[in-house]
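Coordinate inspection notes
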Amino acid sequence: MKKSKIMIPVMTLGLAVGLAFANTTTQSNGWINLNGIPTQLDTDPCEGLNRECSVIYQDDPQGRIFEVYTDMSLTTRKASGVDTPYVIPGTP
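Every value quoted in this text rests on a predicted model; they were computed, and no experiment measured them.

Cut-off values and rules
- Residues numbered from 1 in each chain as written.
- Predicted model: local features only at pLDDT ≥ 70, side-chain atom pairs only at ≥ 80, totals over all residues.
- Heavy atoms only, no water.
- Helix = DSSP H or I, 4+ residues; strand = E, 2+ residues; numbered from the N terminus.
- Buried < 20%, exposed > 50% of the residue type's maximum accessible area, 1.4 Å probe, protein only.
- Contact = heavy atoms within 4.5 Å.
- Areas by Shrake-Rupley, 256 points an atom, 1.4 Å probe, with all protein chains shown as cover.
- Salt bridge = Lys/Arg side-chain N within 4 Å of Asp/Glu carboxyl O.
- Pairing = 2+ DSSP bridges.
- Axes fitted to C-alpha atoms, helices over the stretch in contact; angles between N-to-C directions.
- Core = buried A, V, L, I, M, F, W, Y, C linked by side-chain atoms within 4.5 Å.

When you go through the protein chain residue by residue, the secondary structure sums to 1 helix and 7 strands. In sequence order, the protein chain lays out its α and β elements as α-β-β-β-β-β-β-β. A total of 92 residues make up the protein chain; the buried ones form 23% of that total. Across the protein chain, contacts joining residues at least 24 apart in sequence account for 62% of those joining residues at least 6 apart. Taken as a whole, the protein chain presents about 6800 Å² of accessible surface, with 59% of it coming from carbon and sulfur.

See the structure below:
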């Protein structure tokens, strides 16, 4: 009887761990080309559809505008709902 009482929490823990890894969708904040190196954004500023996302870093002394891509291959632009670049705090 004691074994069955111990097994239920162990099985529950195993199920929880298994489900944590079951989600196969990859969510990405977006990627930019930073001096020839694919760099993932810390946040996802891109919202909406019908336009292409771009970002500008608030403290970038060069004021560069970066196109945002869906993955590190930098081939597919990420969608946006606005024409203007999203402003991200910090520097690239």
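This part covers the pattern of salt bridges. Going through the model one piece at a time under the given rule, you end up with 5 salt bridges. Across the pair Lys78 and Asp44 runs a salt bridge, and its minimum N-O distance is 3.6 Å. Note that Lys78 is positioned in the loop between β5 (65-67) and β6 (79-80) and Asp44 in the loop between β2 (37-40) and β3 (51-52), a separation of 34 residues in sequence. Between Arg64 and Asp60 there is a salt bridge, with its nearest N and O atoms 3.0 Å apart.

Looking now at the sheet that holds strand β4 (residues 54-57). Taken in spatial order, the 3 strands line up as β5-β4-β7 in an open sheet, and their pairing is mixed. With partners counted over all chains shown, the strands left at the sheet margins are β5 and β7 (86-88), one partner each. Taken pair by pair, the neighbouring strands of this sheet meet at an average axis angle of 35°, ignoring direction. Sheet topology note: the β4/β5 ladder contains 3 bridges and is antiparallel. Directly across from Val55, in β5, lies its bridge partner Phe66.

Before going further, it helps to examine the nonpolar core. The biggest cluster of nonpolar side chains holds 11 residues, and these are Ile32, Leu34, Leu41, Cys46, Cys53, Val55, Tyr57, Phe66, Val68, Tyr86 and Ile88. Of all the elements in the fold, those that place two or more residues in this core are β1 (31-34), β4 and β7. Filtering out sequence-adjacent residues up to four positions away, Val68 remains in contact with Gly30, Trp31, Ile32, Leu41, Cys46, Cys53, Ser54, Val55, Arg77 and Lys78.

Next up on the list: unusual backbone geometry. Although it is not a glycine, Asn50 adopts a positive phi angle of roughly 75°. Note on placement: Asn50 falls in the loop between β2 and β3. The class for Asn50 is exposed, based on a relative accessible area of 76%.

This part takes up the pairing of β2. Here 4 bridges tie β1 to β2, and the two strands are oriented antiparallel to one another. Opposite Asn33, over in β2, you have Pro38 as the bridge partner. Between β1 and the antiparallel strand that follows it, β2, lie 2 residues; Asn35 among them carries a positive phi value of about 55°.

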